[in-house]
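Remarks on the overall topology
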Amino acid sequence: MGELRAGIIPVTPFQQNCTILFDEADKRGVVVDPGGEIEKIRAVIAENGLTIEAIWITHGHIDHAGGAMELKEAIGVDIIGPHEADAPLLANLEAQGQRFGLTDAVQNCTPDRFLSEGETVSFAGHEFEVLHCPGHAPGHVVFYNRAAGFAHVGDVLFHGSIGRTDLPGGDHETLIRSIKDKLLPLGDEIGFICGHGPGGRFGDERRSNPFLV
C-alpha cells in the first residue's frame, strides 16, 4: 500500500471540488462527488493512469451528484453513499437541474449502497470511517481516514465558513452540532478537503471560523 493522495477537479458553474482519492503506488482510487463535466473527470483519470473502483457521494445536491450516474455508466463501478436520508434529493436531481438551468447530462441517481454512521469504506487498503453529518443536507456523510489524519467533509465545513442551511432539508443548529460533535473532536491536526474552495485543518476552523467561535 502506498501513500494516500488526492486530486481536485473543479466542475460545473458551481466550481464543486470533485475529488479523486487514490493510492500513489498502485493507482487505484475512487471519485468523490462527480457533480458534472464527466468527460473532464475521465480525462484526468486516463492522464494519470488511475483505476477507479467506486464513486463515493457525500450528499444529494446536484453539484455533487448530478454526474454520478453518467460516470457509473461510463466506467462500470458502484455508487456508494450518501446516507439514505438523501434518497429524495437524489431522486429529484433532474428537477434540481431545471431550477438551476443545468439540464445537460444530469440524471436522477440511485446509489448501489447507502451508508450509515459507523460503517467503513475503503480502496487499495485505505480505510475511511463514515460519519453521518446532517445539517446542510439530511443524508450528508463525511469520509474520515484516521491513518492519514484526513477527512473529505463535502459541504459540511469550509475554510472560514460552513455549508448553507437554507436549502430543503437544511438546519443550522443541526449543522453546527455535526461540526462540533463529530468533526472537531477528531483533532486540530486533521486536514480536510471540502466541496468548494480551499480546504484546511480543523484546528484553524475551531479557532477562527466565525460560525464556530
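Here's what I pulled together on the structure shown here. (Residues numbered from 1 in each chain as written. Predicted model: local features only at pLDDT ≥ 70, side-chain atom pairs only at ≥ 80, totals over all residues. Heavy atoms only, no water.)

Right, let's talk about the packing of aromatic side chains for a bit. Evaluation of the coordinates by the stated rule reveals five aromatic pairs. On the basis of an interplanar angle of 75 degrees and a centroid distance of 5.2 Å, the ring pair of W56 and F128 is categorised as edge-to-face. Taken together, the residues W56 in strand β4 (residues 51-56) and F128 in strand β7 (residues 126-132) connect sequence positions 72 residues apart. The pair formed by W56 and F128 is uniform in burial state, with each residue classed as buried. (Phe/Tyr/Trp six-rings, centres within 6.5 Å; stacked < 30°, edge-to-face > 60°. Helix = DSSP H or I, 4+ residues; strand = E, 2+ residues; numbered from the N terminus. Buried < 20%, exposed > 50% of the residue type's maximum accessible area, 1.4 Å probe, protein only.)

Moving on: helix α5 (residues 93-100). All of the buried residues in α5 are L93, Q96 and G97. Each buried residue of α5 sits inside an arc of 100 degrees when the element is viewed along its axis, so together they form one side. Exposed and oriented more than 90 degrees from the buried face of α5 are Q98 and R99. In this structure, the buried residues of α5 make contact with α2 (62-65) and α4 (87-90). G101 sits one or two residues past α5 and shows a positive phi near 70 degrees. (Arc of directions from axis to C-beta. Contact = heavy atoms within 4.5 Å.)

Relative to strand β2 (residues 16-23), strand β1 (residues 4-11) is paired through eight bridges, and the arrangement is antiparallel. Residue pairing across strands places I9 opposite C18, the latter belonging to β2. If you look at the hairpin formed by β1 and β2, you'll find four residues sitting between the two strands, and T12 has a positive phi there, around 65 degrees. (Pairing = 2+ DSSP bridges.)

Residue P82 is bonded to the preceding G81 through a cis peptide linkage, with omega at 0 degrees. Within the element layout of this structure, P82 appears in the loop between β5 (78-80) and α4. Although it is not a glycine, Q15 sits at a positive phi angle of roughly 50 degrees. Structurally, the position occupied by Q15 is in the loop between β1 and β2.

The next subject is the nonpolar core. One finds I20, V31, I41, I45, I79, L93 and C109 to be the most contacted residues of the largest nonpolar core, which totals 24 residues. Secondary structure elements with two or more residues in this core: β1, β2, α1 (38-47), β4, α2 and α3 (68-75). In this structure, F158, I162, L175 and I176 belong to the second largest nonpolar core, which totals 20 residues. (Core = buried A, V, L, I, M, F, W, Y, C linked by side-chain atoms within 4.5 Å.)

Let us look at the pattern of salt bridges. Applying the stated criterion to the full structure yields 14 salt bridges. Put simply, R28 and E53 hold a salt bridge, and the shortest N to O gap is 2.9 Å. Of the two residues, R28 sits in strand β3 (residues 28-32) while E53 sits in strand β4, which places them 25 residues apart along the sequence. Here R28 falls in the partly exposed class, since its relative accessible area comes to 32%. A salt bridge links D78 to K72; its shortest N-O distance comes to 4.0 Å. One salt-bridge network, held together by shared partners, links D188, D204, R206 and R207. (Salt bridge = Lys/Arg side-chain N within 4 Å of Asp/Glu carboxyl O.)

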